[in-house]
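Coordinate analysis (summary)
Listed below are the residues making up each chain.
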Amino acid sequence: MAKLSNKEKMKIPRQAMPEQDSAVRRNNFEEVNLGFTEELAKMEALRCIQCPKPTCVSGCPVGVKIGDFISLVAEGEYLKAAEKIKEDNMLPAICGRVCPQEEQCEVKCIVGKKNEPVAIGRLERFVADFERQHVGIREPKLKSKTGKRVAIVGSGPAGLSCAGDLVQMGHDVTVFEALHELGGVLIYGIPEFRLPKEIVKAEVESLRKLGVDFQPNTVIGMSDTVDELLSDGYDAVFIAVGAGLPYFLNIKGENYNGVYSANEFLTRVNLMKAYKFPDYDTPVFHVKDKNIAVFGGGNTAMDAVRTSKRLGAKNAYIIYRRSDVEMPARKEEIHHAKEEGIEFIYLSNPLEFLGTADGWLNGVKLQKMELGEPDASGRRKPIPIPGSEYILDIDMAVVAIGNGSNPIIQKTTPDLTYTKWGNIIVDENTMKTSKEGVFAGGDIVTGGATVILAMGAGRKAAAAINEFLNCSN
Amino acid sequence: MYKIVSAEFIAPNVKKFIIEAPKIARKRQAGQFVIIRVNDNGERIPLTISDANINEGTITIIVQGIGKTTKELNDLESGEYIHDLVGPLGKPSHIEKFGTAISIGGGVGTAIAYPTAVALKQAGNYTISIIGGRSKDFVILEDEMNKVCDEVFVTTDDGSYGYPGFVTTKLQELIDAKRKIDLVLAIGPIPMMKAVAEVTRKYKIKTVVSLNPIMVDGTGMCGGCRATVDNKTVFVCVDGPEFDAHKVDFETLERRNRTYREDERLALETHTCKSETAVLKTANEL
């Protein structure tokens, strides 16, 4: 193809992501997005005008060299493109799927000022999938062994990215995981239809091949404490235990049978494979032909409600106390949910769960809200409308309004400093805690955030840990 | 994978396992539990650590085969492996010198009451235990309790052994005999714990129960094990499992434990069918 001028490039429309038809996919757990073909990827890559001063990179928490990898895609050098991404991002197949690119790199794309931005996320995903499907994930070169040992607590996105960097720097890395499977929220939280578990497993396997030692079934704090890790010969510890105790609404009837936290509902379905019961032993509420309400407006709420649709829900509702404008979930997730037949009930706040005499949920009392002045979050505050209470018949409820922090590390490592919510306080450039040799990152520091922010924290911590280890000779 | 060092039935359907788990053996304290998964398709179930041997690096769990998972577990023999085992989890029992402490174990609950009785004795308490069972065969750990407790009473519902009646009958007798009682720990089926709580409530005797809700992760992440205590929601896995018996809402606990009753029945049927097919197959092969 002859070299295109920027003007010509600007004329190419943003390439659509092929996806499973919504009527089909609402009945299965297969991935919704199907990924670019080579043709689509090349065409999309051509839309990048290779700005001399690219702004997209500044939007990426891990600083992927976006222009460089896209230009390799345009040349058909997909494997080289994969290498380029991996200089900065160890888990591109995951990030290409679950990063909110529209708020990060793509929102800063210069092309996007006049037209739609370059589909950076879709290209990243294409490149990672191409590599995995054609040659397998290739291991980068490792530096010579330093003899230093690092313990990483938690195998979610922060832990995995930190482990990937540190092992490349030549350190011995052990990752401890409380659950029996590795991947943290990537495994128990994000559903198969958004992030196939095979992809997470492949990424974990590639780290294992690099020499990362994974120890599942280990709750640091309950078996070894952070102090014991340090005295047992680990030179540094990175705490990446993720979000903790789910918040509930604290309304009457919340302990009726059929009321779940999003964490429990998603863990049963994703990690424990309850959707394959009785082939798998873990059951979950029989959603088929029932009315399901999910409370909350974030990505987790979307994951839960779309999961319930796939389990056969008759009516699946999102109930949110503000309006669609304030909803924090990704636009793509909301769009997909609507296509799949999810009903959105805005400006409604639950007051009380209602149940049968034998204790099963059968309804929720809601109150209509109106929006007032912006609150501390900058979003317009919902205000109850007196006398607007009404009852919605539901059989199962999922509460998806966020998580507090897990108390186990705090109880067993009291000499770190914590916020009043139990989040660990760190230096945000180095992820250093108040304790020598101990670093922390991901949701245990920020509270519930995104996969890529956690990965960014993991990488920052890896750099700081490397420096700490090199200086501590 | 976690190796089973020994496995023996100690009562009908009740099997005692000694499992290699050196780290847990070293760390566990009375009242704590592990979560087990029997195989790759298995569910996660909590089981209290009954005993541990630091030198051997082993822990003891005692399992009553009721549902599919516990029956599958009880099919395992010495030399075989448990797929996943994580712990110790939960808060340890609150142990101090109370004075006179009574540990009450109903059925397999005795396996859970035992380690706390040991800890109470070690803390200098005059320790009494009341062990109940449906009949003689269902009374477990009598010898072990005899070794650590100052007094042991056995009760059976059908009177086939020890004192005829329920554990609460014996407890009421001790109260009526004006015995000084500073702490009661009751572990067993929910109706039994509730009955003990009702007996001691009248006399304002401090009473602790260990709750057994359905759990998934066991580290506070899912909230499936929430119970109502003192009109507040608690997460049993990280806030418990032991709570003030006089403040526990047993009805809610019992009801929530029934959430998957139909599924449990279905899973068990599948398991039983498979076992029967296996037996049939073996019979045909012979």
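Residues numbered from 1 in each chain as written. Chains lettered and ligands numbered in written order. Predicted model: local features only at pLDDT ≥ 70, side-chain atom pairs only at ≥ 80, totals over all residues. Heavy atoms only, no water.

On to the overall build of chain A. Looking only at helices and strands, one finds 18 helices and 14 strands in chain A. The globule rule puts the C-alpha radius of gyration for 473 residues at 23 Å, and the 23 Å found for chain A is close to it. The dimensions of chain A, computed from C-alpha atoms along their principal axes, are 65 × 60 × 50 Å. A separation threshold of at least 6 residues defines the contact pool for chain A, and within that pool the share at least 24 residues apart is 70%. On chain A, roughly 19000 Å² of surface is accessible, and the fraction owed to carbon and sulfur atoms is 51%. Taken as two groups, the 58 positive and 63 negative side-chain charges of chain A have centres that lie 4 Å from each other. (Helix = DSSP H or I, 4+ residues; strand = E, 2+ residues; numbered from the N terminus. Rg over C-alpha atoms; globule rule 2.2 N^0.38 Å. Contact = heavy atoms within 4.5 Å. Areas by Shrake-Rupley, 256 points an atom, 1.4 Å probe, with all protein chains shown as cover. Lys, Arg positive; Asp, Glu negative; His and termini not counted. Charge placed at Lys NZ, Arg CZ, Asp CG, Glu CD.)

Residues and elements named next belong to chain B. Pairing is antiparallel in the open sheet, where five strands are placed in the order 5-6-2-1-7. What marks the edges here is a single partner per strand, and that holds for strand 5 (51–53) and strand 7 (81–82). Two strands pair when backbone bridges link them, and strand 5 and strand 6 (residues 58–64) are joined in this way by three bridges, in the antiparallel orientation. In the strand pairing of strand 6, N53 is matched with T58. (Pairing = 2+ DSSP bridges.)

A few words now on the domain arrangement of chain B. Residues and elements named next belong to chain B. Here chain B is partitioned into domain 1 (2–89) and domain 2 (100–210). Between the C-alpha centres of domain 1 and domain 2 the distance comes to 24 Å. Taken together, the contacts link 14 residues of domain 1 with twelve residues of domain 2. Between domain 1 and domain 2, the buried area comes to about 1000 Å², and carbon and sulfur atoms account for 68% of it. (Domains from an automatic or database assignment. Buried area = accessible area lost by both parts, 1.4 Å probe.)

This part is about the domain arrangement of chain A. Residue and element names in this part refer to chain A. Under the domain assignment, chain A is made up of domain 1 (6–134), domain 2 (149–244 + 403–471) and domain 3 (248–399). Using C-alpha coordinates to define each centre, domain 1 is positioned 32 Å away from domain 3. In this complex, domain 1 contributes 15 residues to the contact, which on the side of domain 3 involves 14 residues. Between domain 1 and domain 3, the buried area comes to about 1200 Å², and carbon and sulfur atoms account for 43% of it. On the domain 1 side of the interface with domain 3, the three residues burying the most area are R25, R26 and F29, jointly 51% of the side's total. Between the two partners, domain 1 and domain 3, sit three salt bridges. With its nearest N and O atoms 2.7 Å apart, the salt bridge here joins E339 to R25. Along the contact surface separating domain 1 from domain 3 lie 13 residue pairs in polar contact (both at pLDDT 80 or more). (Salt bridge = Lys/Arg side-chain N within 4 Å of Asp/Glu carboxyl O. Polar contact = N/O pair within 3.5 Å; in protein donor to acceptor, adjacent residues only side chain to side chain.)

As a further point, take a nonpolar patch on the surface. There is a patch of nonpolar side chains on the surface, built from Y247, I401 and W421 of chain A and spanning about 340 Å² of accessible area. Among the structural elements, Y247 of chain A can be located in the loop between strand 4 (236–239) and strand 5 (259–261). (Patch = residues over 30% accessible without salt bridge, like charges linked within 9 Å, V, L, I, M, F, W, Y side chains within 5 Å.)

Residue and element names in this part refer to chain B. Burial within strand 8 (residues 84–89) is extensive, with six of its six residues counted as buried. As paired strands, strand 3 (residues 33–37) and strand 8 are joined by four bridges and run antiparallel to one another. Its bridge partner being in strand 8, F33 is matched across the sheet by L89. (Buried < 20%, exposed > 50% of the residue type's maximum accessible area, 1.4 Å probe, protein only.)

A separate point is helix 13 (residues 262–271) of chain A. Here helix 13 of chain A lies mainly inside the structure; ten of its ten residues are buried. All buried positions along helix 13 of chain A are accounted for by A262, N263, E264, F265, L266, T267, R268, V269, N270 and L271 of chain A. Contacts from the buried residues of helix 13 of chain A go to helix 10 (185–188), strand 5, helix 14 (299–310) and strand 13 (396–399) of chain A together with strand 15 (226–229) of chain B. Of the residues flanking the end of helix 13 of chain A, it is K273 of chain A, one or two places downstream, whose phi is positive at about 60°.

Turning our eyes to something else, we now look at the sheet that holds strand 4 (residues 45–48) of chain B. Residue and element names in this part refer to chain B. The three strands lie next to each other as 4-3-8, forming an open sheet whose pairing is antiparallel. Because the sheet does not close on itself, it has two edges, and the strands there are strand 4 and strand 8. Adjacent strand axes in the sheet meet at a mean angle of 25° when their direction is disregarded. (Axes fitted to C-alpha atoms, helices over the stretch in contact; angles between N-to-C directions.)

Here we come to the pairing of strand 3 of chain B. Within a regular beta strand, the side chains point alternately toward one face of the sheet and then the other, so they alternate between its two faces. Residues and elements named next belong to chain B. When you tally the buried positions in strand 3, you get five out of five residues, the bulk of the element. Residues F33, I35 and R37 point to one face of strand 3 and V34 and I36 to the other, with burial holding for every one of them. Pairing of strand 3 with strand 4 involves four bridges; the strand directions are antiparallel. Across the sheet, residue I35 finds its bridge partner in strand 4, namely P46.

This paragraph deals with the interface of chain B and chain A. Tallying the contact residues gives 46 residues for chain B and 44 residues for chain A. Summed over both sides, the interface of chain B with chain A buries roughly 3700 Å², with 53% coming from carbon and sulfur. When the area that chain B buries against chain A is broken down by residue, the three leading residues are M221, R226 and Y260 of chain B, summing to 18%. Here chain B and chain A share four salt bridges between them. In this structure, R26 of chain B and D224 of chain A form a salt bridge, with 3.8 Å as the shortest nitrogen-oxygen distance. Inspection of the chain B/chain A interface yields 23 residue pairs in polar contact (both at pLDDT 80 or more). Of all the secondary structure elements, the ones that give two or more residues to the side of chain B that touches chain A are helix 1 (22–27), helix 2 (68–74), strand 8, strand 15, strand 16 (232–235), helix 8 (250–257) and helix 9 (261–285) of chain B. If one sorts the elements of the side of chain B that touches chain A by residue count, strand 8 of chain B sits on top with six residues. Here the residues of the side of chain B that touches chain A sort into 15 nonpolar, 14 polar and 17 charged. (Nonpolar A, V, L, I, M, F, W, Y, C, P; charged D, E, K, R; others polar.)

To continue, consider the environment of V108 of chain B. All names here are of chain B. Inspection of the secondary structure puts V108 in the loop between strand 9 (100–106) and helix 3 (110–122). With a relative accessible area of 22%, V108 lands in the partly exposed category. Sequence-wise, V108 and E242 are 134 residues apart; in three dimensions their C-alpha atoms are separated by 17 Å. Contact partners of V108, with chain neighbours within four places excluded, come to V14, I62, Q64 and I140.

Along the chain, Q104 of chain A turns up in the loop between helix 6 (92–98) and helix 7 (111–114). Ignoring any residue separated from it by four or fewer positions in sequence, one finds Q104 of chain A in contact with G59, P61, C99, T450 and I452 of chain A.

What follows covers the pattern of salt bridges. Scanning the entire structure with this criterion turns up 47 salt bridges over all chains. D172 of chain A is the salt-bridge partner of K145 of chain A, the closest N and O atoms lying 2.9 Å from each other. In this pair, K145 of chain A is assigned in the loop between helix 8 (120–134) and strand 1 (149–153) and D172 of chain A in strand 2 (residues 172–176), connecting sequence segments 27 residues apart. Relative accessible area serves as the criterion here: at 55%, K145 of chain A is assigned to the exposed category. Here K170 of chain B ties to E173 of chain B by a salt bridge, and the two come within 3.0 Å at their closest N and O atoms. Here the residue K170 of chain B and the residue E173 of chain B both occupy positions in helix 5 (residues 167–176), the gap between them amounting to three residues, near one helical turn. On the basis of relative accessible area, K170 of chain B is assigned to the buried category, the value being 6%. If you follow the salt bridges from partner to partner, you end up with E19, R25, R194, D303, R306, R310, E333, E339 and E340 of chain A in one network.

The next point concerns the nonpolar core. Among the nonpolar cores identified, the biggest contains 100 residues, and F69, I239, I424 and I465 of chain A are the most heavily contacted of them. A domain-level breakdown of this core finds at least three residues from each of domain 1 (6–134) and domain 2 (149–244 + 403–471) of chain A. Here I239 of chain A is in contact with V153, V226, I409, L416, I424, V438, F439, A440, G441 and I444 of chain A, once residues within four sequence places are set aside. Judged by nonpolar contacts, the second largest core, of 58 residues, contains V399 of chain A together with L171, I190 and V209 of chain B. (Core = buried A, V, L, I, M, F, W, Y, C linked by side-chain atoms within 4.5 Å.)

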